[in-house]
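# Architecture at a glance
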Amino acid sequence: MEPHKIIIPPLKSQGIKTKLVPSILDLVGRASATGRWIEPFMGTGVVGFNAGFSQTLMGDANPHLVNFYTSVRSGQITPLHVREYLEYEGAQLSLLGYAHYRLVRERFNTSYGPLDFLFLNRAGFNGMIRFSRKGFWNIPFCKKPDRFQPGYITKVVNQVRRVREVMTEDWAFTSGPFESLLSSARPGDLVYCDPPYFGRYADYYNGWTEADEARLLGLLERTPAKFILSTWSHNAFRRNPLLDLYRSRFEVRTMDHFYHNGGALANRNAMTEALVFNFPAR
Ligand SMILES: C[S@@+](CC[C@H](N)C(=O)[O-])C[C@H]1O[C@@H](n2cnc3c(N)ncnc32)[C@H](O)[C@@H]1O
């Protein structure tokens, strides 16, 4: 069988699960779910775009992620719009450098346009997504004014085209806290949860407390659907204190994963990730 070619989304983020998609899809195949894919912490959407479900409900507390994909879904943003927009803004960035990044950032912080969100995500430092306490874009410029070369623009345009192709009539995106999507899960659905990890980072849309984790766990225990939860197991310095609790109630699979900082740092960044789930997977 041909290996699954992973669909890479046009938005980037630090916690993106691209590398773990094959392990997650292996479990998805074993869940034999016949209903909907429900993903309340979609982030960039990379997992849902690859999950292969026609009926899909994706959500996130960050309305800008949701607004971007809703605009792609509705045709308000097409691959052609993305090309024209990035060609124009990319040329301005080459000409004016940081001053143009600042201009787009200010425009986004007042009008929250989905194309400006894409631009800032791609021209910001390390493809990160972070908002200030006032809800403003809070990532510095990547310092590469010539970033938007023709080949780079074509890559992003193709990513937009590809994610649009997988969105059937039965796809929907909603913005808000995880509880509402998770509570809507029915028997036959498969819920995939990738909440923020404790203590990693926090921003306007992305804080995560013990109380959030407890509410999530309570809902997962009661859901009539099948679920897969992504979390971390351990690294060189710490163990996830919740993993024993998960093991006593659900199934757990662990996978080694390296974050890409390279060289001598690689070992320090080795993290064993875990998938927690509530169905037999042999
Ligand atoms: C670890 S990221 C998900 C990454 C995603 N799986 C990917 O590969 O791109 C967690 C996401 O949860 C969202 N989030 C944080 N708190 C939330 C909440 N209470 N309800 C719903 N989404 C939340 C964040 O905005 C962020 O996009």
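### Thoughts on the overall build of the chain
When helices and strands are counted, the chain shows 11 helices and seven strands. Here the C-alpha radius of gyration of the chain, 19 Å, is about what a compact globule of 282 residues would show, namely 19 Å. Principal-axis analysis of the C-alpha atoms places the extent of the chain at approximately 60 × 45 × 40 Å. Burial analysis of the chain (282 residues in total) assigns 49% to the buried set.

### Observations regarding the pairing of strand E4 (residues 190–193)
Burial of the side chains of E4 extends over both faces: Leu 190 and Tyr 192 are buried on one face and Val 191 and Cys 193 on the other. With two bridges connecting them, strand E1 (residues 37–39) and E4 associate as parallel partners. Residue pairing for E4: Trp 37 is matched across the bridge by Leu 190. Of the pairings in the sheet, the one linking E4 to strand E5 (residues 226–235) comprises four bridges and is parallel in character. Looking at E5, one finds that Val 191 is bridged to Phe 227.

### Observations regarding the domain arrangement of the chain
Partitioning the chain into structural domains gives domain 1 (18–61 + 176–277) and domain 2 (75–164). Taken together, the contacts link four residues of domain 1 with eight residues of domain 2. Interface area for domain 1 against domain 2, summed over the two sides, is near 470 Å², with a carbon-plus-sulfur share of 69%. Of all residues in domain 1, Phe 49, Asp 203 and Tyr 204 bury the most surface against domain 2, accounting for 76% of the area lost on that side. Between domain 1 and domain 2 we count zero salt bridges in total. Counting across the domain 1 and domain 2 interface gives zero residue pairs in polar contact (both at pLDDT 80 or more). Residues of the side of domain 1 that touches domain 2, tallied by class, amount to three nonpolar, no polar and one charged.

### Things to note about unusual backbone geometry
Residues other than glycine predominantly adopt negative phi, and peptide bonds predominantly adopt the trans conformation. In this structure, Ser 32 takes a positive phi of about 45 degrees despite not being glycine. Inspection of the secondary structure puts Ser 32 in the loop between helix H1 (21–31) and E1. Taking relative accessible area as the criterion, Ser 32 reaches 53% and is therefore assigned exposed. Positive phi values are uncommon outside glycine, yet Lys 143 reaches one of about 65 degrees. As for its placement among the helices and strands, Lys 143 is situated in the loop between helix H6 (114–123) and helix H7 (150–166). For Lys 143, a relative accessible area of 71% translates into the label exposed.

### With respect to the side chain of Glu 273
Assignment of secondary structure puts Glu 273 in strand E7 (residues 270–277). Reaching out from Glu 273, the side chain makes a polar contact with the side chain of Tyr 197 at a distance of 2.9 Å.

Thresholds, definitions, all that
Residues numbered from 1 in each chain as written. Predicted model: local features only at pLDDT ≥ 70, side-chain atom pairs only at ≥ 80, totals over all residues. Heavy atoms only, no water. Helix = DSSP H or I, 4+ residues; strand = E, 2+ residues; numbered from the N terminus. Rg over C-alpha atoms; globule rule 2.2 N^0.38 Å. Buried < 20%, exposed > 50% of the residue type's maximum accessible area, 1.4 Å probe, protein only. Pairing = 2+ DSSP bridges. Domains from an automatic or database assignment. Contact = heavy atoms within 4.5 Å. Buried area = accessible area lost by both parts, 1.4 Å probe. Salt bridge = Lys/Arg side-chain N within 4 Å of Asp/Glu carboxyl O. Polar contact = N/O pair within 3.5 Å; in protein donor to acceptor, adjacent residues only side chain to side chain. Nonpolar A, V, L, I, M, F, W, Y, C, P; charged D, E, K, R; others polar.

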